[in-house]
Amino acid sequence: MQDRNQFKLTIIGPGAMGCLLAATLYKQDCHVSILDYKPDRAKRLKKAGIQVVSLKEAWTAFPNVTAEPESLGPQDWVIVFVKAAQTADAIKRIGPLVGPGTLVVSLQNGIGHESALSKIAKPEQIALGITSQGSTLLNEGHVRHAGSGPTTLGLVIHNPEAKDRLISLATLLNNAGWPSQVVEDIYPYIWRKLIVNVGINALTALCGLTNGKLPQYSETLRLQKMAVAEAWTLSLKKGITLDLSLEEAHDMVNSVCKATAKNRSSMLQDRIKNRPTEIDYINGAITEMGRELGVATPVNEVLTLLVRLNSRLGWKDPII
Ligand code: PAF
């Protein structure tokens, strides 16, 4: 076995993104583990390794995979990559991984994860981030690296020690080929990503379209623009410095559709596998905040209700 570097990092969840990151860091000699909640799957993944295919290469990595958090002990970094709806369950198992110097980083889609994470870590130990890396789970432990893009990280509250640790994480990611930066205020980035997900995920899941197809139909383009406009208006009301006009917000969503044209969005992948979706943390969160702040969000509400209903019906075509 190679000499892994001395830092300890655990990724929570062997989903598409968790597997990709674990395999990428493993290649960089990082002491990386994946915490799974399914013991059988953890055993299989540990034995078979994580396989990654991309346009350029294919490789197999052998990070430590376990379902026993006690066996891991306190980590330098814990990266939460479970689906938003699984955060509450996941954090019940993360306790043994969090020591006084641990930084807990959520790289999940959606909004509001810091409040769940504050149950196991102090606010100054919590960081949020967004990534434009794309990954599709082809099979258990087998992912396609679907595209590369920047990763941005920031602390929830200012803390010099935690910032140093976050910068070390960004360095590790950069060295592993994930271009990463640490910013003072992460919230504008979280909101820009949220707006992208608002404009893409529910529509791709409901219509069964890849990201690139959404702007090609006048109906989906119009719905996308309406949903994005509601989220954009809400960001203004919340005082988020998006630094984007509404027109620029539409352009941003459009360019993500183009850059990830062949991708099945994470919510479309959830639909195909009939898994719980992240709707409540994306369009549903917009509707919730809109209600609190008096901003009308009817399109996001309709998208939320349709995704929730279809999830409940198992995404079958109901014939009643
Ligand atoms: O959730 C996703 O699928 C991704 O965040 C994005 C950017 C929409 C690309 O598919």
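Residues numbered from 1 in each chain as written. Predicted model: local features only at pLDDT ≥ 70, side-chain atom pairs only at ≥ 80, totals over all residues. Heavy atoms only, no water.

Student: For this particular structure, what's the right way to read the overall build of the protein?
Tutor: Regarding its fold elements, the protein presents eleven helices and twelve strands. For 320 residues, the compact-globule estimate of 2.2 N^0.38 gives 20 Å, and the C-alpha radius of gyration of the protein, at 19 Å, lies within 12% of that figure. A buried classification covers 52% of the 320 residues belonging to the protein. Considering only contacts within the protein whose residues lie at least 6 apart along the sequence, 69% involve residues at least 24 apart. In the structure as shown, the protein presents an accessible area of about 15000 Å², 54% of it carried by carbon and sulfur atoms. Of note, the protein has its 35 positive side-chain charges centred 7 Å away from the centre of its 29 negative side-chain charges. (Helix = DSSP H or I, 4+ residues; strand = E, 2+ residues; numbered from the N terminus. Rg over C-alpha atoms; globule rule 2.2 N^0.38 Å. Buried < 20%, exposed > 50% of the residue type's maximum accessible area, 1.4 Å probe, protein only. Contact = heavy atoms within 4.5 Å. Areas by Shrake-Rupley, 256 points an atom, 1.4 Å probe, with all protein chains shown as cover. Lys, Arg positive; Asp, Glu negative; His and termini not counted. Charge placed at Lys NZ, Arg CZ, Asp CG, Glu CD.)

Student: How should I be thinking about the pairing of strand β3 (residues 50-53) in this particular structure?
Tutor: For a regular strand, side-chain orientation follows a simple rule: the groups alternate between the two sheet faces. Because side chains alternate across β3, one face comprises the buried residues Ile50 and Val52, and the other comprises Gln51 and Val53, none of which is buried. Judged from the four bridges that link them, β3 and strand β4 (residues 58-61) form a sheet pairing that is antiparallel. Counterpart to Gln51 in the pairing with β4 is Thr60. The hairpin formed by β3 and β4 contains four residues between the paired strands. Across three bridges, the pairing between β3 and strand β10 (residues 142-147) is parallel. Looking across to β10, one finds that Gln51 is bridged to His142. (Pairing = 2+ DSSP bridges.)

Student: Before we go on, may I ask you to explain the sheet that holds β3 in this structure?
Tutor: In any sheet, the strands associate via hydrogen bonds between backbone groups, in a parallel or an antiparallel arrangement. Within the open sheet, the four strands sit side by side as β4-β3-β10-β9. Their pairing is mixed. Whereas interior strands pair on both sides, the edge strands pair on one side only; in this sheet they are β4 and β9 (134-139). Strand after strand, the sheet turns through a mean of 25° between neighbouring axes, direction not considered. (Axes fitted to C-alpha atoms, helices over the stretch in contact; angles between N-to-C directions.)

Student: Teacher, can you tell me more about the site of the ligand here?
Tutor: Surveying the vicinity of the ligand reveals the residues Asn109, Lys193, Asn197, Asn201, Asn211, Val256, Asn263, Ser265 and Ser266. Interatomic distance of 3.0 Å between a side-chain N/O atom of Asn201 and an oxygen atom of the ligand. The side chain of Asn211 places a nitrogen or oxygen atom 2.9 Å from an oxygen atom of the ligand. In terms of residue count, the dominant contributor to the shell around the ligand is helix α6 (residues 187-207) (three residues). Within the shell around the ligand, the residues separate by chemical class into one nonpolar, seven polar and one charged. (Near = heavy atom within 4 Å. Polar contact = N/O pair within 3.5 Å; in protein donor to acceptor, adjacent residues only side chain to side chain. Nonpolar A, V, L, I, M, F, W, Y, C, P; charged D, E, K, R; others polar.)

Student: Help me understand the domain arrangement of the protein in this model?
Tutor: Accessible area lost during the coming together of the parts is what is often quoted as the interface size. Taken domain by domain, the protein consists of domain 1 (4-182) and domain 2 (187-313). Using only C-alpha atoms to locate each centre, domain 1 and domain 2 end up separated by 25 Å. Across the contact, 20 residues belong to domain 1 and 20 residues belong to domain 2. For the pair domain 1 and domain 2, the summed buried surface comes to about 1700 Å²; carbon and sulfur atoms form 55% of the total. (Domains from an automatic or database assignment. Buried area = accessible area lost by both parts, 1.4 Å probe.)

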